[in-house]
Amino acid sequence: MSISMYQTSVPIFIRMLGNLNQILEKAAAHAEKKGFNPQNLVNYRLYPDMLPLSSQIQIATDTVKGCVARLSDQQPPVFEDNETTLAELSARVTKTIDYVKTFTPEQIDNTEEKTIQLKLGSYTPTFTGQRYLLHFVLPNLYFHITTAYAILRHNGVDIGKADYLGVE
C-alpha cells in the first residue's frame, strides 16, 4: 500500500497545531491564576542558547505552512514573526490551521517524488516530497511543539502528555 501524502500531513498538522493552541490557552490561564505577566512565558527559553517559546511556535507554523505550499506548487504565505503575546501566538497557530485546511488531497497526494529544495542559510538541501515530509517536516514540527510544551511545563503550566497528544 502506498502512503497518502495528504493523510500523512494535513490531518496531523491540524491536530498537532490544535493541541498546541489548547496548551497555549492553558498557559494563559496559568499566568492569570498565578498573577504573573504571561510575557514571561513568551520570552522564556530552556537554556540561554535556545530559542524562546515565541520562536518555537513561529518555526512550527512556518514548517507546516511551508510544507503544504511547497508540495502543492505554491509559495508559502509570509508571517511577520512579530508576535509578542500568548494571544498573538495562538492567533498565528489558528491562522496556520485555517490555511492548511484549504488544501485538498488532490493538491498534496502523489507528490512523493516531487523535488523540494529549501534554502536554509548557506545550506540548500534537496528532498523528494516524501523524504521532505517524513524526514524534515514532521520531525521539525514535533521538535518545536515538544520544546514549546517543555518550556511551558517547566514554568509550571499544568499540562501533560494527553495535552500534547490530544484526545480523540
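Below, the structure is looked at part by part.

Conventions used here
Residue indices begin from 1 for each chain and proceed along its sequence in written order. Only residues with pLDDT of 70 or above have their local features reported here, since the model is predicted, and side-chain atom pairs are shown and tallied only from 80 upward, although totals for entire chains, interfaces and linings are computed over all residues. Side-chain figures throughout are based on the complete set of non-hydrogen atoms in the structure, without hydrogens or water. For the purposes of this entry, the term helix denotes a DSSP run of H or I that reaches at least four residues, the term strand denotes a run of E that reaches at least two, and both are numbered from the N terminus. Expected helix span is taken as 1.5 Å per residue step, with the number of steps being one fewer than the number of residues. The rule is simple: take the accessible area with a 1.4 Å probe, protein chains only, and divide by the maximum for that residue type; under 20% is buried, over 50% is exposed, in between is partly exposed. Any pair of residues with heavy atoms lying within 4.5 Å of one another is described as a contacting pair. In what follows, salt bridge is the name for a side-chain nitrogen of Lys or Arg lying within 4 Å of a carboxyl oxygen of Asp or Glu.

Quick word on helix 4 (residues 86-100)
Item 1. For helix 4, built from 15 residues, the straight-helix expectation of 21 Å at 1.5 Å per residue is met to within 8% by its first-to-last C-alpha distance of 21 Å.
Item 2. Listed as buried for helix 4 are Leu86, Leu89, Ser90, Arg92, Val93, Thr96, Ile97, Tyr99 and Val100.
Item 3. Looking at the buried positions of helix 4, the neighbouring elements they touch are helix 1 (10-34), helix 2 (39-42) and helix 3 (53-71).

Considering the pattern of salt bridges
Item 1. Under the defined criterion, the tally for this structure stands at six salt bridges.
Item 2. Taking the shortest distance from any N to any O, the salt bridge between Asp73 and Lys114 comes out at 2.2 Å. Of this pair, Asp73 sits in the loop between helix 3 and helix 4 while Lys114 sits in the loop between helix 5 (105-108) and strand 1 (115-117), and the two are 41 residues apart along the sequence.
Item 3. For Asp73, a relative accessible area of 64% gives the class exposed.
Item 4. A salt bridge links Glu83 to Arg92, with the shortest nitrogen-to-oxygen separation between them at 3.1 Å. Like Glu83, the residue Arg92 is buried in the burial classification.
Item 5. Connected via shared salt-bridge partners are Asp62, Lys65, Asp81, Glu83 and Arg92.

In short, shape yes, function no, at least from these values alone.
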